[in-house]
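Topology and contacts: notes
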Amino acid sequence: MKNGSMLYPRETATRRLKSLDGMWDLRFDPSSTGSSEGWANGLDTSITIPVPASFQDFFTDKDAREYCGDLWYARDLYIPKEYEGLKLALRFGAATHRAIVYVNGQEVFRHEGGFLPFSCDITEVAQCGAENKVVVKLNNELSETNLPCGTVKVLKNGKKIAKPYFDFYNYSGLNRSVYLTAIPADSVFGYETTYAIDGTTAQVGYTVKTASSAKVEVSLFDEDGVLAARAEGATGTLTVEDAKLWQVGKGYLYKIVIRLLDGDTLLDEYYDFIGIRTVEVKGTDILINGAPVYLKGFGKHEDSDIVGRGTNIAQTKRDFELMKWIGANSFRTSHYPYSEEVYQMADREGFLVIDEVPAVGMLRSIANFLDASTGAQTNFFSGDHVPKLLERHLDDIADMIERDKNHPCVFAWSLLNEPETTDESAVPYFERVFEQAAKLDPQKRPRTFALVMNSVPDKCKCYQFSDIIALNRYFGWYVNGGPEICDAKEAFIAEMDKWQALDLDKPFIFTEYGADTHPGIHKLPSVMWSQEYQIEYLKMCHEVFDSYPFVKGEQVWNFADFQTTEGIMRCDGNKKGIFTRQRQPKDAAFYFKKRWDSLPLDHKSNK
Ligand code: CKX
């Protein structure tokens, strides 16, 4: 894998880890002269910046907040003498959107894409027992050949600004943790598991990828630390008697310990946590461990005050507490793979996650939310940018699956959000994208993509690729809002009747529906943007969902208010949150709690 091992960095008997989180130097490079001026050797600057975090919301001047172009991060790194002889690498959880990494002035790695990790080998250039200089040249420009898609506008004063084709702020920087990892040359590179459950016995199939021909030993321990199964060999099966299954709302985890041995000598050891469970789509049912589930939850964002899209485990903890309180059981990582810590929490708490690759903005429009709902046609999937974009997309799918394939919480892959599907040119593109996920996922999870408003039965050329049909629908908001809500309901039912007539025998879920709501506005009778209208709108949607037996889930847009690009349609961000950006409930949260507490897990099942 060209981005190095995707394993989550851990310290074990054989592995060492040093966090590089903290304050880094930062320098903007608007004229892109940093490389020729030797910034790769270090930055002459007085600006410092915390990592992990997006750089934007620390600053009080607009030029810094809206900065678009090259920007450099640097810090010193002391590498202990004891690390000598180990394979040294820098591991970035994410660098948004593209990065060139230098160590002691030498380029060691280039990476495209801002939401997935990469590890760069620095063994040859690093000095142990000495101070080293780590420099990262980032670039946060958007384009049509990288994910997510967008463009850059150059203002009359020469400054560049990001113009996303998507509806979230272009938060960038070193958004996730950075580590120095020191591991043995003979080491575990990756692993994967599959599950078959027969009565109380589970067969856990595994494959371990190593950079060594040493003996592989795999052990599984239950939550009490008791050995549940052990096997030898790079590929094999662990038989677990009285297996405790990972369940929705009850995430039982086994610790998997992988050891590489030369005789009795331990060469490498890695551990992780897995959950024994099966996932299947059968007819219109989504089955976990053979039992039908109805999804209740959210489309989310990684978005918080001050740190932007930076990893914020404190806020993530609050999010999980709120999701449990409200009776949710699932969420989608809209519109990009989240920090690894989010999936670890979902594994523990028993949440079902639809893991989404950052393929968003695949409609050439900077007001996509309006254009997409009203049927704009931009022929996005024909044009010279497509081959390069597809290559990036396939790479990101590969990296996302490699990183997340062992999380029990991940039950489905979302391969695109709201792409333009109304033109035949989308079809061969979708074919490649869906093939890629099927080929790489050892657990063959269901694949889906979120269909935008104008991807309707008689216009959409691509819904047949999805194992689960996921609809983003805004009847009563972007179309027929306010007093026209009765027409919205009629139009919604008319579309659902068309889907029903196709008799696809697949589950449908709503991955988005929502109404912008200002927490300070109360109105009787309701008007759009008021707390009352949000509830009125949601009730209408739920009446529609409840009348179609093949609808097997509802993930409202959005869990919380989030930041977007400025514009006349956005009031300091998108306000469709059921919670505010500060994670306090709007009135709709209490409405949802009542509804979701009353819906059983197997709501509308065919069993
Ligand atoms: N869906 C009609 C994608 C999300 C947006 C959401 C919205 C749109 C709606 C498209 O990223 O935030 O406009 O609220």
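Calculation rules
Residues numbered from 1 in each chain as written. Predicted model: local features only at pLDDT ≥ 70, side-chain atom pairs only at ≥ 80, totals over all residues. Heavy atoms only, no water. Axes fitted to C-alpha atoms, helices over the stretch in contact; angles between N-to-C directions. Helix = DSSP H or I, 4+ residues; strand = E, 2+ residues; numbered from the N terminus. Parallel < 35°, antiparallel > 145°, perpendicular 65-115°, else oblique. Left-handed = near helix turned anticlockwise from the far one by under 90°. Contact = heavy atoms within 4.5 Å. Nonpolar A, V, L, I, M, F, W, Y, C, P; charged D, E, K, R; others polar. Near = heavy atom within 4 Å. Polar contact = N/O pair within 3.5 Å; in protein donor to acceptor, adjacent residues only side chain to side chain. Areas by Shrake-Rupley, 256 points an atom, 1.4 Å probe, with all protein chains shown as cover. Expected span 1.5 Å × (residues − 1). Buried < 20%, exposed > 50% of the residue type's maximum accessible area, 1.4 Å probe, protein only. Arc of directions from axis to C-beta. Phe/Tyr/Trp six-rings, centres within 6.5 Å; stacked < 30°, edge-to-face > 60°. Lys NZ or Arg CZ within 6 Å of the ring centre and 35° of its normal.

Attention shifts here to the packing of helix 2 (residues 313-326) against helix 3 (residues 340-349). Two numbers describe how helix 2 lies on helix 3: the axes approach to 10 Å, and their chain directions differ by 30 degrees. In terms of orientation, helix 2 lies roughly parallel with respect to helix 3. Remark: the crossing between helix 2 and helix 3 carries right-handed chirality. Mapping the contact onto sequence places Ile313, Thr316, Lys317, Phe320, Glu321 and Lys324 in helix 2 and Glu341, Val342, Met345, Ala346 and Glu349 in helix 3. Looking at the contact of helix 2 with helix 3 residue by residue, the classes come out as 5 nonpolar, 1 polar and 5 charged.

The next thing to look at is the site of the ligand. As a structural note, the neighbourhood of the ligand is formed by 13 residues, with Asp167, His335, Tyr478, Glu512 and Lys576 the closest of them. Asn574 places a side-chain nitrogen or oxygen 2.9 Å from an oxygen atom of the ligand. A distance of 2.5 Å is found between an oxygen atom of the ligand and a side-chain nitrogen or oxygen belonging to Lys576. Contact with the protein chains hides 99% of the accessible area of the ligand, taken as 360 Å² for the molecule alone.

All right, on to helix 9 (residues 587-598) then. For helix 9, spanning 12 residues, the distance from its first C-alpha to its last is 18 Å, which sits close to the expected 16 Å at 1.5 Å a residue. When we look at burial in helix 9, the residues that qualify are Ala588, Ala589, Tyr591, Phe592, Arg595 and Trp596. One face of helix 9 carries all of its buried residues, which in axial projection span an arc of 160 degrees. Facing away from the buried side of helix 9 by more than 90 degrees, the exposed set consists of Lys594 and Ser598. Looking at the buried residues of helix 9, the elements they touch are strand 23 (295-299), helix 2, helix 8 (531-546) and strand 30 (551-557).

Moving on, we get to the packing of aromatic side chains. Throughout the structure, instances matching the rule amount to 47 aromatic pairs. Arranged with centres 4.7 Å apart and planes meeting at 20 degrees, the rings of Phe115 and Tyr336 form a pair that is stacked. In this pair, Phe115 is assigned in the loop between strand 7 (106-112) and strand 8 (118-121) and Tyr336 in the loop between strand 24 (330-332) and helix 3, connecting sequence segments 221 residues apart. This pair shows no difference in class: Phe115 is buried, exactly as Tyr336 is. When the centroid spacing of 4.9 Å and the interplanar angle of 80 degrees are considered together, the rings of Phe430 and Phe449 count as edge-to-face. Taken together, the residues Phe430 in helix 6 (residues 426-440) and Phe449 in strand 27 (residues 447-451) connect sequence positions 19 residues apart. Overall, Phe449 belongs to the buried group, its relative accessible area being 0%. In textbook terms, an aromatic cluster arises when at least three aromatic residues are bridged by ring pairs, as seen for Phe298, Trp325, Phe559, Phe579, Phe590, Tyr591, Phe592 and Trp596. Over the aromatic face of Tyr271 sits the side chain of Lys255, whose NZ or CZ is 4.6 Å from the ring centroid. Directly above the aromatic system of Phe331 lies the positively charged group of Lys300, at a separation of 5.9 Å from the ring centroid.

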